[in-house]
Amino acid sequence: MRFAVVAPHPDDEAIACGGSIASWEGEKCCIFVKWYGPQRKKEAIASCKILGAEPVFLDSESELKTVLKNISPELVLSPYLKDDHHYHRHVSKLVRRIWKGALWEYETWVPIGKPDTAVWFDEEMMRKKMKAIAAHKSQCKYRDWPKAMKGYNFWRATVMPSLLEGHGSGARQKAKYCEAFKVVR
Ligand SMILES: [Zn+2]
């Protein structure tokens, strides 16, 4: 399969989808809409290398439509429409407008109220995810994002079976960690 993750900023791809990207087989691409100069770009390249994804850096938002068309992914991941970060919401709206294929939205600053699906993964992929997040050195200086996401994805895996299949359904965790998504289409 061919996947494209649209990241408003370098680090969103790893924080929100690092476990999924690392787990998925196929062609994987992270599109960075804004990237704030050579240091952040270098960090994004290092993160993508760990996740096995191809980084793409846009010079402007208007390139996004053409880039998506050229990559022609089978699934696009983009920020949750109700994220707390204004620029994430902006990119979310933009992607909904210009991309009519399969689209999932991911969590960064706020949890998705009612996720529709999850990608499950184990300790090995979590280690990769944490390494990919830590590659964004400038963003991890004041916040321990790797540890935060390890805890958050563990919590997600704990509640997800009941959220998806109902309380009392007896549904079990498929792995130790998961990332949750809203399926837009
Ligand atoms: Zn961001």
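Up top is the structure.
Source: prediction; values computed, not measured.

A. Expanded view of the overall build of the protein. A count of helical and extended segments in the protein gives six helices and seven strands. The helix and strand sequence of the protein, counted from the amino end, reads β-α-β-α-β-α-β-α-β-β-α-α-β. Against the globule reference of 16 Å for 185 residues, the protein gives a C-alpha radius of gyration of 15 Å, in line with a compact fold. With respect to the three principal axes, the spread of C-alpha positions in the protein is 50 × 35 × 30 Å.

B. Spotlight on the packing of helix 2 (residues 37-51) against helix 5 (residues 123-134). Viewed as axis vectors pointing N to C, helix 2 and helix 5 meet at an angle of 170°, and their least axial separation amounts to 8 Å. Overall, the two elements helix 2 and helix 5 adopt an arrangement that is roughly antiparallel. Residue-level contacts link Ser-47, Ile-50 and Leu-51 of helix 2 to Lys-128, Lys-131 and Ala-132 of helix 5. Of the residues that constitute the contact of helix 2 with helix 5, the class distribution is three nonpolar, one polar and two charged.

C. Structural context of the nonpolar core. With 49 residues, the main nonpolar core has Val-5, Val-6, Cys-30 and Ile-31 as its most contacted residues. Take this core: its biggest share by element is six residues, from helix 1 (residues 12-23).

D. Expanded view of the sheet that holds strand 6 (residues 117-121). As summarised here, the arrangement of the seven strands in space is 3-2-1-4-5-7-6, forming an open sheet in which the pairing is mixed. Because the sheet does not close on itself, it has two edges, and the strands there are strand 3 (54-57) and strand 6. Sheet twist, expressed as the average angle between the axes of neighbouring strands with direction ignored, equals 30°. As paired elements, strand 1 (residues 2-7) and strand 2 (residues 27-32) share six bridges and run parallel to each other. Note that in strand 2 the partner of Arg-2 across the bridge is Glu-27.

The rules behind each value
Residues numbered from 1 in each chain as written. Predicted model: local features only at pLDDT ≥ 70, side-chain atom pairs only at ≥ 80, totals over all residues. Helix = DSSP H or I, 4+ residues; strand = E, 2+ residues; numbered from the N terminus. Rg over C-alpha atoms; globule rule 2.2 N^0.38 Å. Axes fitted to C-alpha atoms, helices over the stretch in contact; angles between N-to-C directions. Parallel < 35°, antiparallel > 145°, perpendicular 65-115°, else oblique. Contact = placed C-beta atoms within 7 Å. Nonpolar A, V, L, I, M, F, W, Y, C, P; charged D, E, K, R; others polar. Core = buried A, V, L, I, M, F, W, Y, C linked by C-beta atoms within 7 Å. Buried ≥ 20, exposed ≤ 12 C-beta atoms within 10 Å, placed from the backbone. Pairing = 2+ DSSP bridges.

Read these as layout, nothing more, since geometry by itself doesn't imply function.
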